[in-house]
Amino acid sequence: MHKLAALDRRYVWHPFTQMRDWAKREPIVLVRGKGAVLEDVVGKKYLDGNASIWTNLHGHNHLQINRAIQKQLGRVAHTSALGLANEPASLLAEKLVKGAGRPLKKVFFSDDGSTALEVALKMAYEFTRRTGRLRAPRFLSLDGAYHGDTIGATSLGHIDLFHKSYSNLLFKSDKVASPACYRCPFNRAKPQRRDARLYAKCNHECATQLEQKLERRKYAALVVEPRVQGAAGMVMHPPGWLKRVAAAARASGALLIADEVMTGFGRTGEIFAGRKEKVTPDFLCLAKGLTGGYLPMAATLTTQPVFDAFLGEYEEFKTFFHGHSYTGNQLGAAAALASWELLTDPKARARRRVLEKTFGKELETLWDLAAVGDVRREGLVAGVELVADWKTRKAFPLKAQAGIRVCEAMARHGVLTRPIGNVVPLLPPYCISDAQLRRMVKALRESVVEVLGSARI
Ligand code: PMP
């Protein structure tokens, strides 16, 4: 075993990882990256198939982002945002507000996706109380929701596997069915193999149910991941759902918190996924891709009325008493500015459109595998759901570790990604070439055949 792997095994406790299983295998120790390719300590190369857990946008070791960080490093790495302003954070806030559009006017910086959500939920809670709308506001979120691991963000989540053990530590939030069409709780999805036919008899019961909950008018906010629920298994919402529930939230007086931690920055085809349905939230939570996937930094954007509710005389203590040591970090903001420039370059946008088409075409090739139940894609994010029986949509038992084993085989084929249960996510960095993209999907196909003996149908 390589000495770095041995050190890891001896000292490091990995996130979301059964460490007993971890100790059975030699870990991949990554030492460098360039573009969409990562290299390990023994020189094996891999495609970064999930953009390093959905963070990387333009590839690793990008000259422009490196330069921006280095330039900032030559000035100062970090100064506190408590009582002090700084150059890159001010410039970045302007870009984000202008990019997000009305009515978002103010940016509160923090460190990661979870903290971006904590900020939104505290602000929404206090705004709702201060404006006298509700005395004990509650939050509404979707089945399968994942908004982070801090206690507040966990309280908004509804994935039992992650959240149940801590239920006594959490505040109660309400849950409604998510428009997870492949596993439709109202059983509207027919067991056919192509998206278009899935919704044949759909009356949008899930949206109606959500509207009915909102009508109780007890919510500070509806919290959603617009268009794609990442950790739920890359669950893609049908077109129109977001617009409808956003309107229902508004009508009930609830605020809309958009968690675009995963969907933001072009991942779904628009700069922000809400744009696809012309939905602008009251809170826009950003992290992961904000710095292009280089440094941990997050932002919560909100409106003038929310900001104004925290204004007052010093001794009224209306201040938003919240913040972190690294809020507005200068290196992160410098990386984010460089990433924003790359992202919004019209040539890069055009390239993403082409990539989306190629990606869609390549993914189509997976439908004929019996162990593939669903192939979902929105922009440059895809989820391939592995099933024991595609006709009944019967899932593999978790114990079979189908997703884990397929992803391990993919690593042997030179592609890194991490399963969510039996769903294999693919989120290529935007710098990927057509040939690399084809190789990525081919590795998934070969791994499914190898591990699950998937026959052609
Ligand atoms: N929201 C969403 C939609 C996410 O996908 C994640 C992370 N996977 C988070 C919040 C939490 O982000 P972080 O891990 O950076 O705290």
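The shown structure was predicted, so the numbers you read here are calculated from the model rather than taken from an experiment.

What follows covers the domain arrangement of the protein chain. For the protein chain, the domain assignment lists domain 1 (3–61 + 347–452) and domain 2 (76–344). Residue-level contacts link 45 residues of domain 1 with 38 residues of domain 2. Regarding the contact of domain 1 and domain 2, the summed buried area is about 3600 Å², with carbon and sulfur atoms giving 50% of it. Among the residues of domain 1 in contact with domain 2, Trp-54, Glu-378 and Arg-393 are the three that bury the most area, contributing 23% of the side total. Remark: the boundary between domain 1 and domain 2 carries three salt bridges. One salt bridge in this structure joins Glu-385 and Arg-183, with 2.8 Å as the shortest N-O distance. Joining domain 1 to domain 2, the criterion identifies 19 residue pairs in polar contact (both at pLDDT 80 or more). Looking at the side of domain 1 that touches domain 2, the element that brings in the most residues is strand E13 (residues 372–378), giving seven residues.

Within the largest apolar cluster, 55 residues are counted, with the highest numbers of intra-cluster contacts made by Leu-92, Leu-96, Phe-265, Leu-363, Leu-426 and Leu-444. Of all the elements, helix H16 (residues 434–452) adds the most residues to this core, at seven residues. Of the domains in this structure, domain 1 (3–61 + 347–452) and domain 2 (76–344) are the two that each give at least three residues to this core. Excluding residues that lie within four positions of it along the chain, Leu-96 makes contacts with Val-107, Phe-109, Phe-265, Leu-286, Leu-290, Ala-299, Leu-301 and Trp-340. Of all hydrophobic cores here, the second largest spans 26 residues; its members include Val-119, Leu-121, Met-123 and Ala-124.

Turning our eyes to something else, we now look at helix H10 (residues 205–214). Regarding H10, the residues found buried are Cys-206, Ala-207, Leu-210, Lys-213 and Leu-214. What you see down the axis of H10 is that its buried residues fit within an arc of 120 degrees, all on one side. In this fold, the buried residues of H10 make contact with strand E5 (138–142), strand E6 (174–176), strand E7 (219–224) and helix H11 (241–252).

For H11, which comprises twelve residues, the first-to-last C-alpha distance of 17 Å matches the rise-based estimate of 16 Å (1.5 Å per residue) to within 8%. Looking at H11, one finds that the buried residues are Trp-241, Leu-242, Val-245, Ala-246, Ala-248, Ala-249 and Ser-252. Along the axis of H11, the buried residues cluster in a sector spanning 160 degrees; they form a single face. Close packing links the buried residues of H11 with E5, H10, E7 and strand E10 (255–259). Looking one or two residues past H11, Gly-253 carries a phi angle of roughly 90 degrees, positive in sign.

All right, on to a positive patch on the surface then. Side chains of Arg-275, Arg-349, Arg-353 and Lys-357 sit close together on the surface and give a patch of like positive charge. For Arg-275, the location among the structural elements is in the loop between E10 and strand E11 (283–286). Relative accessible area serves as the criterion here: at 34%, Arg-275 is assigned to the partly exposed category.

The rules behind these values
Residues numbered from 1 in each chain as written. Predicted model: local features only at pLDDT ≥ 70, side-chain atom pairs only at ≥ 80, totals over all residues. Heavy atoms only, no water. Domains from an automatic or database assignment. Contact = heavy atoms within 4.5 Å. Buried area = accessible area lost by both parts, 1.4 Å probe. Salt bridge = Lys/Arg side-chain N within 4 Å of Asp/Glu carboxyl O. Polar contact = N/O pair within 3.5 Å; in protein donor to acceptor, adjacent residues only side chain to side chain. Helix = DSSP H or I, 4+ residues; strand = E, 2+ residues; numbered from the N terminus. Core = buried A, V, L, I, M, F, W, Y, C linked by side-chain atoms within 4.5 Å. Buried < 20%, exposed > 50% of the residue type's maximum accessible area, 1.4 Å probe, protein only. Arc of directions from axis to C-beta. Expected span 1.5 Å × (residues − 1). Patch = residues over 30% accessible without salt bridge, like charges linked within 9 Å, V, L, I, M, F, W, Y side chains within 5 Å. Areas by Shrake-Rupley, 256 points an atom, 1.4 Å probe, with all protein chains shown as cover. Lys, Arg positive; Asp, Glu negative; His and termini not counted. Charge placed at Lys NZ, Arg CZ, Asp CG, Glu CD.

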